[in-house]
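Single-letter residue listing:
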Amino acid sequence: MSFPWAEHYTPKHPLMQWVDEKLPLPRLVYNAVGAGYPVPRNLNYFWNFGVLAGLALLIQIVTGVVMAMHYGANTLVAFGTVEQTMRDVNAGWLMRYAHANGASFFFIVVYLHIFRGLYFGSYKAPREMVWLLGLVIFLLMMATAFMGYVLPWGQMSYWGAKVITGLFGAIPVVGEPIQTWLLGGFAPGNASLNRFFSLHFLLPFVIAAVVILHIWALHIPGSSNPTGVEVKGPQDTVPFHPYYTAKDGFGAGIFLILFAILLFFAPNYLGHPDNYIEANPLSTPAHIVPEWYFWPFYAILRAFTVDFFFVPAKLLGVLAMFASILLLFFLPWLDTSPVRSGSYRPTFKTFFWILVLDVLILGYCGGAPAEEPYVMISQVAAAYYFAHFLIILPMIARFEKPLPLPNSITEAVLAKYAKADGEPAAVPAE
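Residues numbered from 1 in each chain as written. Predicted model: local features only at pLDDT ≥ 70, side-chain atom pairs only at ≥ 80, totals over all residues. Heavy atoms only, no water.

An unreviewed UniProt entry lists the protein under the name Cytochrome b, with Sphingobium scionense given as the organism. Listed under Subunit (unreviewed entry) in UniProt, the entry text for the protein is "The main subunits of complex b-c1 are: cytochrome b, cytochrome c1 and the Rieske protein." Among the UniProt annotations of the protein, the heading Function (unreviewed entry) holds the following wording: "Component of the ubiquinol-cytochrome c reductase complex (complex III or cytochrome b-c1 complex), which is a respiratory chain that generates an electrochemical potential coupled to ATP synthesis." (UniProt positions renumbered as here; feature names shortened; annotations may be inferred.)

## A word on the packing of aromatic side chains
Across all of its chains, the model carries 35 aromatic pairs by this definition. Considering the side-chain rings of Tyr385 and Phe389, the 5.2 Å spacing of their centres and the 70 degrees angle between planes classify their relative orientation as edge-to-face. With Tyr385 and Phe389 both in helix 15 (residues 374-399) and four residues apart, this pair spans about one turn of that helix. A relative accessible area of 7% places Tyr385 in the buried class. The buried category is assigned to Phe389, whose relative accessible area is 3%. Put simply, the rings of Trp47, Phe115, Tyr119, Phe120, Phe348, Phe352 and Trp353 pair up and form one aromatic cluster. Above the face of the Trp47 ring, Arg116 is positioned so that its terminal group lies 4.3 Å from the ring centre. (Phe/Tyr/Trp six-rings, centres within 6.5 Å; stacked < 30°, edge-to-face > 60°. Helix = DSSP H or I, 4+ residues; strand = E, 2+ residues; numbered from the N terminus. Buried < 20%, exposed > 50% of the residue type's maximum accessible area, 1.4 Å probe, protein only. Lys NZ or Arg CZ within 6 Å of the ring centre and 35° of its normal.)

## As for the UniProt feature "binding site: a ubiquinone" (unreviewed entry) in the protein
Under the UniProt annotation, "binding site: a ubiquinone" (unreviewed entry) lies at His219. Mapped onto the fold, His219 is located in helix 9 (residues 190-219). One polar contact links the side chain of His219 to the main-chain carbonyl oxygen of Ile215, over a distance of 2.8 Å. (Polar contact = N/O pair within 3.5 Å; in protein donor to acceptor, adjacent residues only side chain to side chain.)

Here it is, written out as structure tokens:
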């Protein structure tokens, strides 16, 4: 969306005028992330995580392309080529560690981005499409990460592939044919490795394409903000550049510092030691776990231990795991409250933090062995997860009494600083 007061791109140099006439790419950039894009003036650092997710995607694509140059998608050499890249290729260890830990950092910033959207109601009208495209990106990320985890062909790679693809085998009638089709055989092997490598290389570019759609959809209604109040006039906005490019640059600096600390001082902290053992179909690890960013969903999968009439427990777990993600697609219509921001919804805010704690508990149980008390805790946590979205959230929207909203973004900003100074806020006339 272009507000009437948005600054227009007017190239002054003859060369830039000629480029703008023939291929208006500078104009596109100017209007998308430059001074031609007015943004609410009160965005806080939680709005940095979208840009950081884009930076993480860029790191993954660059390091992934370099890794692909030295990788052999064959069960006889896959493990060895990864180790050779680490030991013999110049800066190969850096590329491998940056790629492995970059995936973790990618999921960290995306999870923070999602929970920011949940708290501030960024999924509500008129930004439903932004939310839906974001969830498509999340699903593509999960598929890409799973296939990437298989490629080193270590013990966790092999058995993770066997367990996760085995989930499809729980589907009645068509499950086993689908599992065989995915693997290219009855167990992970050369065919699995080839197709997983091909898709793992392709999907990041698909993610990048959906990211463009995500940003495009965002620019139609404009960015949300911490108050949830829509922009009323030019006094509510500032140009994206230089204000938020500087703010995002600072956030990117902090992100890269933390990334470098993990990369150089604890590169294997988020990995699993069993994946440094070459895949052996005859030796099952004592405790098979996926990467940490799948643990909450893995806990939901394992929470179902008893058959329900004619429905096997395994199928119930698979359905619940997929439903836990697909449920988020319906969130804009499950939460019918007219107030967006959790800052003005005291009851919603309380249950939001309970949800955060619940997801952390699910994550802990997902990484723990499939034994008591972790199974029982994950059952309770999984039950609350679904109850939160299907029961509690609609009830809160119906019965909650929200706090009074500010009349405009500017009023909220001035009131905040006036409160800090102990003076009454002065709101400029529109």
